[in-house]
Amino acid sequence: MYPLVRKNFWRLRNQVRTVKMKKQIDPSIKAHFVRSVLIVFSLVAVCVIPFALAQRTNRLRQFDPRYGSRTPSGVVNPRGDAGRVGATPTATPSCTPAINEGFDDITMLPGWVMINHSEPLGLLGWFQGNDAAFPAFDGAPTAYIAANFNDASGVGTISNWLLTPQLRLQSGSTLTFYTRTEAMSTFPDRLQIRMSTNGASTNVGTGAFDVGDFTNLLLDINPTYTIGGYPETWTQFTVNVTGTPPGTLGRLAFRYFVENGGPDGTRSDYIGIDRAVYTVPCATATPTATATPTATATATATPTATATPGTPTPTPTPGPTGRFNPTPRPHPTAAPRPTP
């Protein structure tokens, strides 16, 4: 009996110790568990919050009114008040050029007129550019218009005209174009820009020195026939139309004009003209007079004396679009020129 009691006593004692130990361990496990949960939440917060902020920033940029539907990487230099968020956009007038000609195919120039009044008359007039001399400024290698010493024969005076279509010659309009001659040429070239204010007239006279209705000389390139005086690389020139009355119609003209030219002359070689652009000033809105309020006189009561003292009586300019590349037409090869 005694050994059995003793045995049960020790078993109960061990159980009590186990329970006490479990009770002592439980708070520690709980603390570890809570700490682990906090660490997990912290990691989630560290990872998720920046991602959420990044998504928000990206969304704000994507719909930023400065860029419209484009991302900032697609915008070049978005500066100035008009580019700031919240700024009032300023309307910019957009002018479409009346002429934007790249001379891709000179057989398809509606409204243009070519007249060769050289004396004595030569074999050629204006022709498609020859890339053996030099390539075009833009577009296909032959996409420019050209003229050379064969406009006259022997020794003569070259007067080869290229007239634009009829234009509105408004004061402030501009003509820009590119031109050049061959490099190291020893036969000087010359080009004039002239203007007629006589509507659709194509009157350039009848002789090499006549100008007809094109009496207004706007530009004269290398008038003194200096060797090297005509640009030997594509160079842009700007011609301004000024002093014309409102509503004036007329034409501009390129005149290849060289005295003592021709195959046997000491002047005239080969010129090209490319990317001619004529732009009329954009129409601007005319301010409308606003009525200003005018003060109206109002009758004012004047105090009147009465028997009872002390009582008062009561105012705001061809990317060129894409150019097709025509098949070059055959052109005569320039004959070797004698060395002066």
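Residues numbered from 1 in each chain as written. Predicted model: local features only at pLDDT ≥ 70, side-chain atom pairs only at ≥ 80, totals over all residues. Heavy atoms only, no water.

## Overview of the pattern of salt bridges
Item 1. Across all of its chains, the model carries three salt bridges by this definition.
Item 2. In this structure, Asp 220 engages Arg 190 in a salt bridge whose closest nitrogen and oxygen atoms are separated by 2.8 Å. Of this pair, Asp 220 sits in strand β10 (residues 216–221) while Arg 190 sits in the loop between β8 (174–181) and β9 (191–196), and the two are 30 residues apart along the sequence.
Item 3. The exposure class of Arg 190 is buried, given its relative accessible area of 8%.
Item 4. With a shortest N-O distance of 3.6 Å, Glu 259 and Arg 190 are connected by a salt bridge. Within this pair, whereas Glu 259 is found in strand β12 (residues 249–261), its partner Arg 190 is found in the loop between β8 and β9, the two being separated by 69 residues in sequence.
Item 5. What you see here is one network of salt bridges that share partners, running through Arg 190, Asp 220 and Glu 259. (Salt bridge = Lys/Arg side-chain N within 4 Å of Asp/Glu carboxyl O. Helix = DSSP H or I, 4+ residues; strand = E, 2+ residues; numbered from the N terminus. Buried < 20%, exposed > 50% of the residue type's maximum accessible area, 1.4 Å probe, protein only.)

## Overview of the packing of aromatic side chains
The geometry of two aromatic rings is summed up by the distance between their centres and the angle between their planes.
Item 1. Enumeration according to the criterion identifies eleven aromatic pairs in this entry.
Item 2. Between Phe 134 and Trp 234, the aromatic rings sit 5.6 Å apart at their centres with planes inclined by 90°, giving edge-to-face as the arrangement. With Phe 134 in the loop between β4 (127–128) and β5 (145–148) and Trp 234 in the loop between β10 and β11 (235–240), this residue pair connects regions lying 100 residues apart in the sequence.
Item 3. Note on Phe 134: relative accessible area 3%, which makes it buried.
Item 4. On the accessibility criterion, Trp 234 (16% relative accessible area) is buried.
Item 5. Taking the centre distance of 3.8 Å and the plane angle of 15° together, the rings of Phe 137 and Tyr 178 count as stacked. Placement of Phe 137 in the loop between β4 and β5 and of Tyr 178 in strand β8 is noted, with a sequence separation of 41 residues between them.
Item 6. Residue class for Phe 137 comes out partly exposed when judged on its relative accessible area of 34%.
Item 7. Connected via pairs of aromatic rings, a cluster forms that spans Phe 127, Phe 134, Tyr 144, Trp 234 and Tyr 270.
Item 8. In this structure, Arg 180 packs its charged tip against the face of Phe 134, placed 4.1 Å from the ring centre.
Item 9. Sitting over the face of the ring of Phe 257, Arg 255 holds its NZ or CZ atom 3.9 Å from the ring centroid. (Phe/Tyr/Trp six-rings, centres within 6.5 Å; stacked < 30°, edge-to-face > 60°. Lys NZ or Arg CZ within 6 Å of the ring centre and 35° of its normal.)

## A word on unusual backbone geometry
Item 1. Of the consecutive residues Glu 119 and Pro 120, the connecting peptide bond is found in the cis state with omega at -15°.
Item 2. For Pro 120, the location among the structural elements is in strand β3 (residues 119–121).
Item 3. Even without a glycine there, the phi angle at Asn 222 is positive, about 60°.
Item 4. Inspection of the secondary structure assignment puts Asn 222 in the loop between β10 and β11.
Item 5. Phi at Ser 268 is positive, roughly 85°, even though this residue is not glycine.
Item 6. Take Ser 268: it is sitting in the loop between β12 and β13 (270–279).

## Notes on empty space enclosed by the protein
Item 1. Size it by volume and the largest cavity reaches roughly 60 Å³.
Item 2. Around the largest cavity, the lining residues are Thr 181, Ser 185, Phe 187, Pro 188, Asp 189, Asn 222, Thr 226, Ile 227, Gly 228, Gly 229, Tyr 230 and Glu 232.
Item 3. When the residues that make up the lining of the largest cavity are grouped by side-chain class, the tally is four nonpolar, six polar and two charged. (1 Å grid on protein atoms, 1.4 Å probe; cavity = no way out; pocket = protein on both sides within 12 Å on 5 of 7 lines; lining within 4 Å. Points joined across faces, edges and corners; volume = space filled by probe spheres on them. Nonpolar A, V, L, I, M, F, W, Y, C, P; charged D, E, K, R; others polar.)

## Comments concerning the environment of Phe 137
Item 1. Residues Phe 137 and Gly 272, spaced 135 residues apart in sequence, show a C-alpha to C-alpha distance of 9.3 Å.
Item 2. Excluding anything up to four places from it in sequence, Phe 137 contacts Tyr 178, Trp 234, Asp 274 and Arg 275. (Contact = heavy atoms within 4.5 Å.)

## Re the confidence of the model for the protein
Item 1. Residue-level pLDDT values for the protein average 75, and 57% of them are 70 or greater.
Item 2. Confidence drops under a pLDDT of 50 for residues 52–92, and excluding neighbours within four residues, the segment shows 15 contacts in the predicted structure.
Item 3. Predicted confidence is poor over residues 298–332, with pLDDT under 50, and the contacts of this stretch with residues over four places away or in other chains come to 42 contacts. (pLDDT = per-residue confidence, 0-100.)

## Focus: the pairing of β5
Item 1. The side-chain alternation of β5 yields two buried faces, one formed by Ile 145 and Ala 147 and the other by Ala 146 and Asn 148.
Item 2. In this sheet, β5 lies alongside β4 in antiparallel orientation, the contact comprising two bridges. Residue pairing for β5: Gln 128 is matched across the bridge by Ile 145.
Item 3. Judged from the four bridges that link them, β5 and β13 form a sheet pairing that is antiparallel. Looking across to β13, one finds that Ala 147 is bridged to Ile 271. (Pairing = 2+ DSSP bridges.)

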